[in-house]
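Observations on the model geometry
Chain residues, written in single-letter form:
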Amino acid sequence: MKVLVIGGGAREHALCRSLSLDPDVTALHCAPGNAGIAEVAELHGVNALDGAAVADLAVGLQADLVVVGPEAPLVAGVADAVRARGIPVFGPSAEAAQLEGSKAFAKDVMAAAAVPTARSYVCTTPEEIDEALDAFGAPYVVKDDGLAAGKGVVVTEDVATARAHALACDRVVIEEFLDGPEVSLFAITDGECVVPLQPAQDFKRAYDGDEGPNTGGMGAYSPLPWADPQLVDEVMATVLQPTVDELRRRGTPFSGLLYAGLAITSRGVRVIEFNARFGDPETQVVLARLKTPLGGLLTAAATGNLAALPPLRWRDDAAVTVVIASHNYPDTPRTGDPIAGLAEVAEQDAPDAYVLHAGTKRDDAGAVLSAGGRVLSVTATGADLTTARTRAYRAVERIRLDGSQHRTDIAAKVADEAAQAPGA
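Residues numbered from 1 in each chain as written. Predicted model: local features only at pLDDT ≥ 70, side-chain atom pairs only at ≥ 80, totals over all residues. Heavy atoms only, no water.

Here's the deal with helix α14 (residues 412-420)
The criterion, for reference: A 1.4 Å probe rolled over the protein chains alone gives each residue an accessible area, and that area as a share of the maximum for its type sets the label: buried under 20%, exposed over 50%, partly exposed in between. The helix count covers DSSP runs of H or I at least four residues long, the strand count covers runs of E at least two residues long, and both are numbered beginning at the N terminus. By definition, residues are in contact when any of their heavy atoms lie within 4.5 Å.
Taken together, the buried positions of α14 are A412, V414 and A415. Its buried side turned inward, α14 meets β15 (219-222) and α13 (385-398).

A few points about a negative patch on the surface
How we decide: Each patch is assembled from residues with relative accessible area greater than 30% and no salt bridge, linking like charges that lie within 9 Å and nonpolar side chains (Val, Leu, Ile, Met, Phe, Trp, Tyr) that lie within 5 Å. A 1.4 Å probe and the Shrake-Rupley method give the accessible areas. Residues count as covered only by the protein chains that appear here. Basic side-chain nitrogens of Lys or Arg form a salt bridge, by our definition, when they fall within 4 Å of a carboxyl oxygen of Asp or Glu. Neither His nor the chain ends is counted toward charge; the positive residues are Lys and Arg and the negative residues Asp and Glu. Charge coordinates come from a single atom per side chain, which is NZ of Lys, CZ of Arg, CG of Asp or CD of Glu.
Together, E127, E128, E131 and D134 make up a negatively charged patch on the protein surface. Counting through the fold element by element, D134 comes out in helix α7 (residues 126-136). Overall, D134 belongs to the exposed group, its relative accessible area being 67%.

Some points on the side chain of D349
Within the secondary structure layout, D349 lies in the loop between α12 (342-348) and β20 (353-357). Contact partners of D349, with chain neighbours within four places excluded, come to E344, R394, A395 and R398.

Overview of the pairing of β15
Rules: Strand pairing is assigned whenever DSSP identifies at least 2 bridges connecting the two strands.
With burial as the criterion, each face of β15 is covered, one bearing G219 and Y221 and the other bearing A220 and S222. Bridge count for strand β12 (residues 201-202) against β15 is two bridges, and the pairing is antiparallel. Following the sheet pairing, D202 is matched in β15 by A220. One ladder, built from four bridges, connects β15 with strand β18 (residues 318-325); its direction is antiparallel. Bridged to S222 within β18 is A319.

Some points on the state of the cysteines
The criterion, for reference: The disulfide definition used here is simple: a pair of cysteine sulfur atoms within 2.5 Å.
Across all of its chains, the model carries zero disulfides by this definition. Of the cysteine sulfurs around C123, a residue in no disulfide, the closest is that of C169, at 11 Å. Residue C123 is classed as buried on the basis of its relative accessible area of 2%.

Digging into the sheet that holds β18
Rules: Note on geometry: axes are C-alpha line fits, over the in-contact stretch for helices, and angles between N-to-C directions span 0 to 180 degrees.
Across the sheet, which stays open at both edges, the five strands sit in the order β12-β15-β18-β23-β20 with antiparallel pairing between neighbours. Looking at the sheet topology across the chains shown, the edges are occupied by β12 and β20. Strands in contact with helix α1 (residues 10-20) are β20 and β23 (374-382); relative to β20, the strand with the most contacts, it is inclined by about 125°. Across the face of the sheet, α13 comes into contact with β15, β18, β20 and β23 while running at roughly 30° to β18.

Observations concerning the packing of aromatic side chains
In this description, a pair of aromatic rings is defined by centroid distance and the angle of the planes. For clarity, the threshold we go by: Planes of paired rings set the category: under 30 degrees apart is stacked, over 60 is edge-to-face and the rest tilted, where pairs are Phe, Tyr or Trp rings (Trp by its six-membered ring) whose centres lie within 6.5 Å.
Per the stated rule, a full pass over the model turns up five aromatic pairs. Where Y121 meets F136, the ring centres are 5.4 Å apart and the plane angle is 45°; that geometry is what we call tilted. Taken together, the residues Y121 in strand β6 (residues 120-123) and F136 in helix α7 connect sequence positions 15 residues apart. With a centroid separation of 5.2 Å and an interplanar angle of 35°, the aromatic rings of F186 and Y259 are classed as tilted. Of this pair, F186 sits in strand β10 (residues 182-189) while Y259 sits in strand β16 (residues 256-265), placing them 73 residues apart in sequence.

Interpretation in functional terms is not warranted from these geometric data alone.
Written out as structure tokens, the structure reads:
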């Protein structure tokens, strides 16, 4: 099959890498892509937010499947534009993508489907904001209602900081703080059948020890040795299937990747947020562990044939990804710096560790430069989390990017605990 992937970040590089390893994928294209994706796919300079242009490209390529990676094109209706031309698309309609595009819409769907989540208020005035902050107290959780590239959420003990963030949003959701560890669980769905992937955990804060501002994600790992073995079944029954059923009942079936961000609280599992696409950087570790060919899986979802697919197959290996970010990320990142060491990782660490590009481009001389806040995702696998971590950080040390930053504690605590567990 011929596959066109839309997007240009590390998530799309992970998708393209897995698709390139699928023997049924005979041609792979990406728009707009990045310097790393160019090594496995043919790039096209098409605006990912322009539905008509993406649809024209898909028709011109005679694509058998289009995979829409990022949230903004989905909310903008790019999947609808491609579907209207008769090409199967992995990704929800603009209407269904409001599950991510509007926190208020997601809360409404969860209430109708009896999905467990935090109590919340939707606020549009200063008075409503003050009442909601007062009702919940610290720590304050304030979420921009719309898309904010992973940076629209503030969790703080300081009411002035919480109020300032709320006032900067047109519409804001203020909710109770959820205690306990967070888990990301992806599910592939065709609008009826729901197939869960393996859970992962990401690290949102910029600095070691979960300090600093929220980011789009600084690293991730999978599997979760500390998680209840029944977690996936529980989330399927109480969160994922009811949500898909409710959207279908409303006449807006959700087809694509449904991402549940979860808190494992003292009162049980609660949904923090939904996303309408693969999460970044969790995709990097989840796909590193998936043995089932990705092209067939995504096509089954796009064509409504997911129920006929055999059970997914997974590698026993653990996976860890570490994000290398630009100087000053997540504020105003510096870009245009040369990146060295990529060839060394490919020569000395592959196939156990590899680099997925996020914000990169090539200059006229062919050198790879930084072109975004999160620049690279260094991903590694191993028999256990300790081995995967060691391999990932060994590869990270080979990368040279002036002023870059990365967390040194991705999966450290859970790897140590797993190593010390009885029978380890």
